[in-house]
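# Overview (structure and organization)
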Amino acid sequence: MTAASHDTLVRRLALMLVKLNQGEKLDPRQLAIDFNVNLRTIQRDIHERLSCLSLEKTRGQYHLDPALLGKLTLKDIDRFASLAGVKGLFPGLSQDVLRALFDSRVQSALLVKGHHYEDLRGKEQAFKQLEQAIIGRQNVGFCYPSEGRFKSYEVEPYKLINNKGVWYLAARHNGKLKTFSFSKIERLALGEVTFTPDQALDSSLASEDGIWLSEQSIEIVLRVDKGVAAYFKRRKLIANQVIEKELADGSLIVSAKVGHQNQVLPIVRYWIPNIRIISPVGLQDEFEATLRDYLCKHDTQKD
């Protein structure tokens, strides 16, 4: 499925959910006309993508159980429509899991960023355990590869984050916020200790664009040449990107508060020579030094 077709599907499902939430009935034939698709497509939406809602059918039209009317916010609808359109995003996603997304406690455990996904078959039970640990604010222990060997960790789990198709666990370990690749976690075990959640940390996780997480962010300021400025104005190419100023020559001053400089440096490399680091002072010099080292090594290998 292309990004464009996925977006069209999500918009269609969202509009259908809005109608259902408001107590309207869905007429498949009329919807096919309204969305300019064939009747079979609408039937698939209702019978497969929205099947977990257990819609009631009356004289050929579908409606929501009266007990559920008006209970979805626009944010709920957007979340559900996105997930219903890409069921493969969750490992072993079932109708029960989709239905559970209406439960605000479950919603608080998941943070989805992006529509592509990795294959996590065989990890379904561990995923569910982590989800429940987050909801219950319960410590977990596991083994994780570090410096060439597996180490034991006991952490306070905060969020399961899907970023660019890869699942990560955001957790506090020894007082520090860290991220762990979910697929690399082994021997997961629920602990007996519970913890009091940090609401400020929860809010920070929700607003963060990437997975380089830190409770102490750094601000990086860049100058973007006018030749590529349009790309940065069109959408955020850097985590937490803010366009601070557009200069008279068309170039931009862009800032980003990030947990690690590696959230920004790959973008700087990609847009060489049209982007330059203004601050922190010295970071541009460090960046250029790494490029010189790379070129020297490359030239040596050619000789």
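The preceding data block contains the structure.
A brief report on the enclosed structure follows. (Residues numbered from 1 in each chain as written. Predicted model: local features only at pLDDT ≥ 70, side-chain atom pairs only at ≥ 80, totals over all residues. Heavy atoms only, no water.)

### Section: the overall build of the protein
Scanning the protein for helices and strands turns up 11 helices and 12 strands. The contacts in the protein between residues at least 6 apart in sequence include a share of 65% that link residues at least 24 apart. In the structure as shown, the protein presents an accessible area of about 17400 Å², 49% of it carried by carbon and sulfur atoms. (Helix = DSSP H or I, 4+ residues; strand = E, 2+ residues; numbered from the N terminus. Contact = heavy atoms within 4.5 Å. Areas by Shrake-Rupley, 256 points an atom, 1.4 Å probe, with all protein chains shown as cover.)

### Focus: the side chain of Q284
Examined against the element boundaries, Q284 turns out to sit in helix α11 (residues 283–302). Beyond its immediate stretch of four places on either side in the chain, Q284 contacts R276 and I277.

### Quick word on helix α9 (residues 226–234)
Of the residues making up α9, those classed as buried are V228, A229 and F232. Projected down its long axis, α9 shows its buried positions confined to an angular sector of 130°, all on one face. Opposite its buried face, α9 presents the exposed residues G227 and R234, each directed more than 90 degrees away. The elements touched by buried residues of α9 are β9 (218–224), β10 (241–246), β11 (252–258), α10 (265–270) and β12 (275–279). (Buried < 20%, exposed > 50% of the residue type's maximum accessible area, 1.4 Å probe, protein only. Arc of directions from axis to C-beta.)

### Remarks on the pattern of salt bridges
Opposite charge on two side chains permits pairing when their charged atoms draw close. Per the stated rule, a full pass over the model turns up nine salt bridges. Across the pair R12 and D45 runs a salt bridge whose closest N-O atoms are separated by 2.6 Å. One end of the pair, R12, is in helix α1 (residues 3–21); the other, D45, is in helix α3 (residues 39–49), and 33 residues separate them in sequence. With a closest N to O distance of 3.1 Å, E48 and R44 form a salt bridge. A residue pair is termed a helical-turn pair when its members lie 3 or 4 positions apart in one helix, as E48 and R44 do in helix α3 at four residues. E48 sits in the partly exposed class, given a relative accessible area of 42%. According to the relative accessible area criterion, R44 is partly exposed, its value standing at 45%. (Salt bridge = Lys/Arg side-chain N within 4 Å of Asp/Glu carboxyl O.)

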